[in-house]
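# Examining the three-dimensional arrangement
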Amino acid sequence: MAEARRRWRRRLLAAALLLPYPIALLCGMPLALPVDALLTLGGVAYDPALHAPRDGHRHLVVLQHGLWRSSWSMAKLERALRAHGYDVLNPGYPSTSCTIEEAAAMLAAAIDVECAAGPRPVELSFVAHSMGGLVVQEYLRQPDSRPFARAVYIAVPHRGAVLCDLR
């Protein structure tokens, strides 16, 4: 009898731990969110030589995550940039349920809100991973996009990718 109770307790515990994940996925949570959150734990190093220039501009770095990921995947980079004096915009987008054009429109709206927040001139930079680079490129193709200083693309499929074709 005691063994049967233990088995039921283990089953209930397993259900309590595993059941919320599929429910959250059905509600729209990005697939990799728990992994992204775990991978970005920990502190960031500070190097005074990498601090944002003090030139009177507001240095805004826009981060864009890739397919199947969440804005949490860029959280450690966000913390490092903030520690070095940069303003950071790390908007998420539903990479599996919207088009690149729709994601670029969401990015444009987020950038416009962020740039309107302060009186100082904004120097805009981008760091994009995977499909996020395609979103940034689509944003920059728009005639009303803001001028930018630099863009860093990490593993962006500029020439296409089989995974994107399958999606």
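Above this text you will find the structure in question.
Here the structure is a predicted model, which means the values were calculated and not measured.

### Let's talk about helix α6 (residues 131-141)
The buried fraction of α6 amounts to nine of the 11 residues, a majority that puts the element mostly inside the structure. Where α6 is buried, its residues contact β1 (58-64), α5 (100-115), β3 (122-129) and β4 (150-154).

### Examining the nonpolar core
In terms of nonpolar packing, the biggest core is built from 19 residues, with Val62, Leu107, Ile111 and Phe126 touching the most fellow members. At the level of secondary structure, the elements contributing two or more residues to this core comprise β1, α5, β3 and α6. For this core, the element with the highest residue contribution is α5, accounting for six residues. The contact partners of Leu107, leaving out residues within four places of it in the chain, are Val62, Gln64, Pro91, Val135, Val136 and Tyr139.

### Some remarks on the pairing of β3
Look at any regular strand and the pattern is simple: side chains alternate between the two faces of the sheet. The sheet contact formed by β1 and β3 spans seven bridges and is parallel. The residue of β3 that forms the bridge with His59 is Glu123. Summarising the sheet, β3 and β4 pair through five bridges and their orientation is parallel. In the sheet register, Ala128 faces β4, and the bridge partner there is Tyr153. For the crossover that starts at β3, traverses α6 and ends in the parallel β4, the hand is right-handed.

### Some thoughts on the packing of α5 against α6
Contact pair α5 / α6: the axes reach a minimum separation of 8 Å and the direction vectors enclose 70°. With respect to α6, the element α5 is oriented roughly perpendicular. Both α5 and α6 take part in a crossing whose hand is right-handed. Listed contacts from α6 to Ile100, Glu101, Ala103, Ala104, Leu107, Ala108 and Ile111 of α5 are Met131, Leu134, Val135, Val136, Glu138 and Tyr139. Of the residues assigned to the contact of α5 with α6, the class counts are 11 nonpolar, no polar and two charged.

Scoring rules and cut-offs
- Residues numbered from 1 in each chain as written.
- Predicted model: local features only at pLDDT ≥ 70, side-chain atom pairs only at ≥ 80, totals over all residues.
- Heavy atoms only, no water.
- Buried < 20%, exposed > 50% of the residue type's maximum accessible area, 1.4 Å probe, protein only.
- Helix = DSSP H or I, 4+ residues; strand = E, 2+ residues; numbered from the N terminus.
- Contact = heavy atoms within 4.5 Å.
- Core = buried A, V, L, I, M, F, W, Y, C linked by side-chain atoms within 4.5 Å.
- Pairing = 2+ DSSP bridges.
- Right-handed = clockwise from strand over helix to strand, strands pointing away.
- Axes fitted to C-alpha atoms, helices over the stretch in contact; angles between N-to-C directions.
- Parallel < 35°, antiparallel > 145°, perpendicular 65-115°, else oblique.
- Left-handed = near helix turned anticlockwise from the far one by under 90°.
- Nonpolar A, V, L, I, M, F, W, Y, C, P; charged D, E, K, R; others polar.

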